[in-house]
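Listed here are the chains, written in short residue letters.
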Amino acid sequence: MARDTGVECNTPVIRVSADAARVNYEPVMTAVRDATDTISVRRTGPSGIAGNGPLFIASLERRTAFFHDPPLSRIPQLVKSIECGRLPTDDADAVVKHDPQTTTLPLPDTGPLSVGHRLVLGPCGWVNPLDPAQHTFVSTSTTAETMADIGLLGRGRRDAAATESVADVWETTREIDGDPVVVVNANETREEQCADRTLLTATPMTVLDGIAVVAEYIGAEDAVLYLNETDTHLHQHLQAAIDAAGDNLPVIPKLVAGPDEYRAGEPTAALEVLEGADRIEPRLQPPTPAEYGLYGRPTVIHTPRTFAHVHRLLTNPDAYDSDASDPGTRLVTVTGDVANPATVELSSDSSLAAVRDAVEMEGSFKMACVGGVLGGITRDLDVAPTAQSLRAAGLGTDGVVELLADDCCALAIVGERARFASMENSGRCVPGREGTKQLAELLRDIYDGSFESDKIRELGRVMRQTSNCQIGAHAPRPVTTAIDELEPEFRAHTDGRCPSGTCTEKL
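Since the structure is predicted, the reported quantities are computational estimates derived from the model, not experimental observations. (Residues numbered from 1 in each chain as written. Predicted model: local features only at pLDDT ≥ 70, side-chain atom pairs only at ≥ 80, totals over all residues. Heavy atoms only, no water.)

Some points on the overall build of the chain
Quick reminder of the rule: Counting from the N terminus, the helices are DSSP H or I runs at least four residues long and the strands are E runs at least two residues long. For this measure, only C-alpha atoms enter the radius of gyration; the expected value for a globule follows 2.2 Å times N^0.38, where N is the number of residues. The classification of residues rests on relative accessible area computed with a 1.4 Å probe and restricted to protein chains. Under 20% of the type maximum is buried, over 50% is exposed, and intermediate values are partly exposed. Calculation of accessible area relied on Shrake-Rupley with a 1.4 Å probe; when residues are assessed, cover is drawn exclusively from the protein chains displayed. Here Asp and Glu are counted as negative and Lys and Arg as positive; His is not counted, and neither are the chain ends. To locate a charge, take atom NZ for lysine, CZ for arginine, CG for aspartate or CD for glutamate.
The helix and strand inventory of the chain stands at 15 helices and 14 strands. Computed over the C-alpha atoms, the radius of gyration of the chain is 24 Å, within 12% of the 23 Å expected from 2.2 N^0.38 for a compact globule of 507 residues. For the chain, the spread of C-alpha atoms along the three principal axes comes to 70 × 60 × 40 Å. Counting across all 507 residues of the chain, residues that qualify as buried make up 58%. Taken as a whole, the chain presents about 20100 Å² of accessible surface, with 44% of it coming from carbon and sulfur. When the 45 basic and 75 acidic side-chain charges of the chain are each reduced to a single mean position, those positions are 3 Å apart.

Here we look at the packing of aromatic side chains
What counts is decided by this rule: To pair, rings of Phe, Tyr and Trp, with the six-membered ring standing in for Trp, must have centres within 6.5 Å; the planes then decide the type, stacked if under 30 degrees apart, edge-to-face if over 60, and tilted in the middle. Criterion for a charge above a ring: Lys NZ or Arg CZ within 6 Å of the ring centre, and within 35 degrees of the ring normal.
Within this structure, the stated rule accounts for 4 aromatic pairs. Measuring from ring centre to ring centre gives 5.0 Å for Tyr-262 and Phe-420, while their planes differ by 75°; the resulting arrangement is edge-to-face. Pair noted here: Tyr-262 is in the loop between strand 8 (254–258) and helix 8 (267–274) and Phe-420 is in helix 11 (residues 410–424), with a separation of 158 residues, a long-range link. In this structure Tyr-262 comes out as buried when scored by relative accessible area, which is 9%. Over the face of the ring belonging to Trp-126 we find Arg-15, whose NZ or CZ atom lies 3.4 Å from the ring centre. Its guanidinium or amino end placed over the ring of Tyr-217, Arg-174 lies 4.0 Å from that ring's centre, counting from NZ or CZ.

Considering the layout of surface pockets
Test applied: Buriedness of a pocket was judged along seven lines, with at least five required to meet protein on both sides within 12 Å; pockets are open sets of points on a 1 Å grid over the protein atoms alone, cavities are sets where a 1.4 Å probe fits but cannot get out, and lining residues have an atom within 4 Å of a point. Grid points are joined across faces, edges and corners, and a volume is the space filled by probe spheres set on the points. Classification convention: Asp, Glu, Lys, Arg as charged; Ala, Val, Leu, Ile, Met, Phe, Trp, Tyr, Cys, Pro as nonpolar; all other residues, Gly among them, as polar.
Computed from the structure, the largest pocket encloses a volume of approximately 1000 Å³. Forming the walls of the largest pocket are 45 residues, and the residues nearest its centre are Arg-157, Ala-162, Gln-470, Ala-473 and His-474. Mapped onto the lining of the largest pocket, the elements with two or more residues apiece are helix 4 (166–175), helix 8, strand 9 (299–302), helix 13 (453–466), helix 14 (470–474) and helix 15 (476–494). Broken down by element, the residue count for the lining of the largest pocket peaks at 4 residues, all from helix 14. Here the lining of the largest pocket is composed, by residue class, of 16 nonpolar, 18 polar and 11 charged.

Quick look at the structure:
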């Protein structure tokens, strides 16, 4: 097999893209290797769109052809055609013309890969995740001084900045006495949120470089990358990336595994885990982690998405509009009643409705839960993917759009989420511990003919305003937004009727 130099030209290149921990693409790689010893072959990470099978990507003379999960029997024919100087296009899922020197995945005009933009996702599926020669490093030559003027906001529920300015957090850590530290919160247990995993798998060096930029800016000499203890494959993959990129990074993070529990991903709960606390519970704030974080040190806690945006902003600042209320793009994982989940990237002037073009729904669209398991329910996706627009619409900002088909029951859906919150909260505060239980009970009462809408809304108001943790504060959101959208469906259950026909046993 030809040696991969990482430099693009007009010579043929074959890429096989997938998440190795979730898709067995060794048979495809083996078939390619067996079919050629002259073509450069690259194993890349997931593109975010490929679905359950590997993506076979063939490039030749300024064009790239995409084949999703091709039959193994077809591989030798595809390779033979490329060896003969012909790009196979007749049965390709897409064919794209592009600059031969491109360092990002070429985008088709139609199909799932055409949805949104690919600024942060650009390298995903195109570059070798573990080859530093295929990545751009800015941490040794660029500072984050320009970030303060851009107004970048945090990305994800596991980010201590959440939807606030990251520059403000950095400035606080610089002003506080003590030895600052950077924490990368990648502890995610929910399958529907896979944007961070996509980045860490497909372009880990982008994230590592962003970490180093922030660490250098705040004067931190060390950093921690916090993962799930059960995700051993990702742990090994990231260690390999750190080892490969070590000479290019002024600050190298230490990998630390935490429990595979939803609440362990809350930023201050993550600090408790990292300090070895027996209980997983969030801290009372203030002080914020930036003021008093890991072992009392001023601490910056961001998600991989946020660090990837830092890297992208410094490599391509023109892509960010500093006048926008939420500069940059947002990564959105599209899941739910779909054939295959997908991760897409949306600009601030686009609409969440665009995500429906990235997936194939199983059934007709009824509603969506936006913002993760405790996001908001809506039937209208014509909402800008900015933090401000999402909050104004009562939706979540965690970067998940769960599409739900017409055979799902709104009451059953929010009831499951209320029970999840009652089990996953830390129990530290009364609204989180008792409020989530009361919420679940009020929803169960509907099946017995009692729908106390005002009581549910008042309970939700109290929980939002007084809960110490995100779980307690956000647990009412799916319920109250679903009532706003589909109140007649809730009332139908009090009469012993489920409009979707899915609650027969409960009724």
